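# Overview (structure and organization)
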Amino acid sequence: MMIRVMFVCHGNICRSPMAEFIMKDLVKKAGLDNEFYIASAAVSSEELGNPVYPPAREELYSHGISCKGKYAVKLAKNEYDRYDLFVIMDESNRRNIMRIFGSDPQNKVHKLLDYTDTPRDVTDPWYSRRFDKAYSDILKGCQGLLKHLMNEYCSPN
């Protein structure tokens, strides 16, 4: 069974693509590439078609992670049924994703840092300029998320 995860942020040029490619890297290193489908999208149309923001791209690259070929896309209502989990970066993303989906009847929308011991919003590096801090938070969140998913989907019954 493939686990389908969509990371979501405001514009899909900083946090959600960072999460997408960090998670892909973790999954690959764990030898689980064939078990996951990982993507990212925006809740707004502002950045559609733009590449990953250069400081975010540089931060990923400094950790040996490439996001080459990624361009901002917007989340669509019909994707609710195509993914197992929608991982948002902050409460603003929750409000906006609910405008797109209308509701979350299967409880698929969760904040990334809820999978850590310090649940909170991932600070938006677009404003803070702290792409290193965003990377650190997102890495911790993705590590916690991967552990959670492995326990939920891959543990013996």
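Residues numbered from 1 in each chain as written. Predicted model: local features only at pLDDT ≥ 70, side-chain atom pairs only at ≥ 80, totals over all residues. Heavy atoms only, no water.

### Brief notes about helix α1 (residues 15-29)
Because the α-helix completes a turn every 3.6 residues, residues three or four places apart line up on one side. Its 15 residues give α1 an end-to-end C-alpha distance of 21 Å, which sits within 8% of 21 Å, the value for a rise of 1.5 Å per residue. The buried fraction of α1 is high, at 12 of 15 residues. Buried residues of α1: Arg15, Ser16, Pro17, Met18, Ala19, Glu20, Phe21, Ile22, Met23, Asp25, Leu26 and Val27, and no others. (Helix = DSSP H or I, 4+ residues; strand = E, 2+ residues; numbered from the N terminus. Expected span 1.5 Å × (residues − 1). Buried < 20%, exposed > 50% of the residue type's maximum accessible area, 1.4 Å probe, protein only.)

### Regarding the sheet that holds strand β1 (residues 3-9)
Judged by pairing direction, the sheet is parallel, and its four strands sit side by side in the order β2-β1-β3-β4 without closing on themselves. Two strands bound the open sheet, and with one partner strand each, they are β2 (36-42) and β4 (109-111). Going across the sheet, the axis of each strand differs from the next one's by a mean of 25°, ignoring polarity. Taken together, the seven bridges between β1 and β2 define a ladder with parallel strand orientation. In the sheet register, methionine 6 faces β2, and the bridge partner there is alanine 39. Sheet strands in contact with α1 are β1 and β2, and its direction is about 170° off that of β2. (Pairing = 2+ DSSP bridges. Axes fitted to C-alpha atoms, helices over the stretch in contact; angles between N-to-C directions. Contact = heavy atoms within 4.5 Å.)

### Considering the packing of α1 against helix α2 (residues 54-62)
One can describe the packing of α1 onto α2 by two numbers: an axis separation of 10 Å at closest approach and a directional angle of 20°. Looking at the two axes, α1 sits roughly parallel to α2. Crossing geometry of α1 relative to α2 is assigned as right-handed. Counting all contacts with α1, which are made through Pro17, Met18, Phe21 and Ile22, the residues of α2 involved are Ala56, Glu59 and Leu60. (Parallel < 35°, antiparallel > 145°, perpendicular 65-115°, else oblique. Left-handed = near helix turned anticlockwise from the far one by under 90°.)

Everything listed is a geometric property; what it means functionally is a separate question.
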